[in-house]
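# Coordinate analysis (summary)
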Amino acid sequence: MWPDTEAALVAWLTPRLGVRVCTDAPADLDHAVPLLRLQRIGGGDDGFRLDLAVVDIDAFAATRAQAADVAARTRAALLGNLPGAIVPTAAAVFTAASTVSAPAWRPWEDPAVTRIGATYAIRLHRHP
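Now for a quick tour of the structure. A quick note: this is a predicted structure, and the numbers were derived from the prediction, not measured.

Cut-offs used in this document
- Residues numbered from 1 in each chain as written.
- Predicted model: local features only at pLDDT ≥ 70, side-chain atom pairs only at ≥ 80, totals over all residues.
- Heavy atoms only, no water.
- Helix = DSSP H or I, 4+ residues; strand = E, 2+ residues; numbered from the N terminus.
- Contact = heavy atoms within 4.5 Å.
- Pairing = 2+ DSSP bridges.
- Axes fitted to C-alpha atoms, helices over the stretch in contact; angles between N-to-C directions.
- Core = buried A, V, L, I, M, F, W, Y, C linked by side-chain atoms within 4.5 Å.
- Buried < 20%, exposed > 50% of the residue type's maximum accessible area, 1.4 Å probe, protein only.

## Focus: the environment of F94
Within the secondary structure layout, F94 lies in strand β5 (residues 92-106). Taking the C-alpha atoms as reference points, F94 and D51, separated by 43 residues in sequence, lie 9.6 Å from one another.

## Notes on the environment of W108
With respect to the secondary-structure elements, W108 resides in the loop between β5 and β6 (114-126). Not counting the four nearest positions on each side in its chain, W108 is found in contact with L29, R37, F60, V113 and R115.

## Points about the sheet that holds strand β3 (residues 50-61)
Within a sheet, adjacent strands bond to each other through the backbone by hydrogen bonds, running parallel or antiparallel. Read from one edge to the other, the open sheet built from six strands follows the order β1-β2-β3-β6-β5-β4, with strand pairing classed as mixed. The sheet is open, and its two borders are formed by β1 (20-22) and β4 (86-87), each paired with just one other strand. The sheet contact formed by β3 and β6 spans twelve bridges and is antiparallel. Bridging from a neighbouring strand, A59 pairs with I116 of β6. Across the sheet, helix α1 (residues 5-17) lies against β1, β2 (35-45), β3, β4, β5 and β6, angled at about 145° from β2, the strand it touches most. In the packing of helix α3 (residues 64-81) onto the sheet, the strands contacted are β2, β3, β5 and β6, and the crossing angle to β6 comes to about 15°.

## With respect to the nonpolar core
A general trend in soluble globular proteins is that nonpolar side chains are found buried together. Membership of the largest hydrophobic core comes to 32 residues, with the highest contact counts inside it found for L36, L78, L82, F94 and I122. Every element with two or more residues in this core is listed here: α1, β2, β3, α3, β5 and β6. Among the elements that make up this core, the one with the highest residue count is α1 (six residues). Apart from residues no more than four positions distant in its own chain, I122 is found in contact with L9, D51, L52, A53, V55, L78, L82, F94, A96 and A97.

## Some points on the pairing of β5
Strand direction decides the pairing type here: β4 and β5, joined by two bridges, are antiparallel. If you follow I86 over to β5, its bridge partner there is V93. In textbook terms, the turn of a hairpin is the stretch between consecutive antiparallel strands, and for β4 and β5 this stretch comprises four residues, one of which, A91, has a positive phi near 50°. With eleven bridges connecting them, β5 and β6 associate as antiparallel partners. Bridge assignment links F94 to a residue of β6, and that residue is L124.

Okay, here's the thing in structure tokens:
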């Protein structure tokens, strides 16, 4: 059985970024920013132990500069510190992270909120 990639990333990112990290955008997003929303959008596995998760991560903030800052800090954390990290609460160990699509502005229906999104490939496996 594989670890829950989304839960493991939420648990790992939250204390490192100082912003709310969630898997669903709250209804009052314009009052909850800055925050990160992450969603697994694909990937694969070896059928036994290793998982390759493709994950979209969106940084939401009141301004483009704030959203870009949160997105850049997220990218730096994932690429620089995630490999080797163990998340006991999610029974996961991360082995690698790479950028599939670098942070860039993405449209959002609320003009009071700016969205900067990126896509990452995250390798992980179950931690005993």
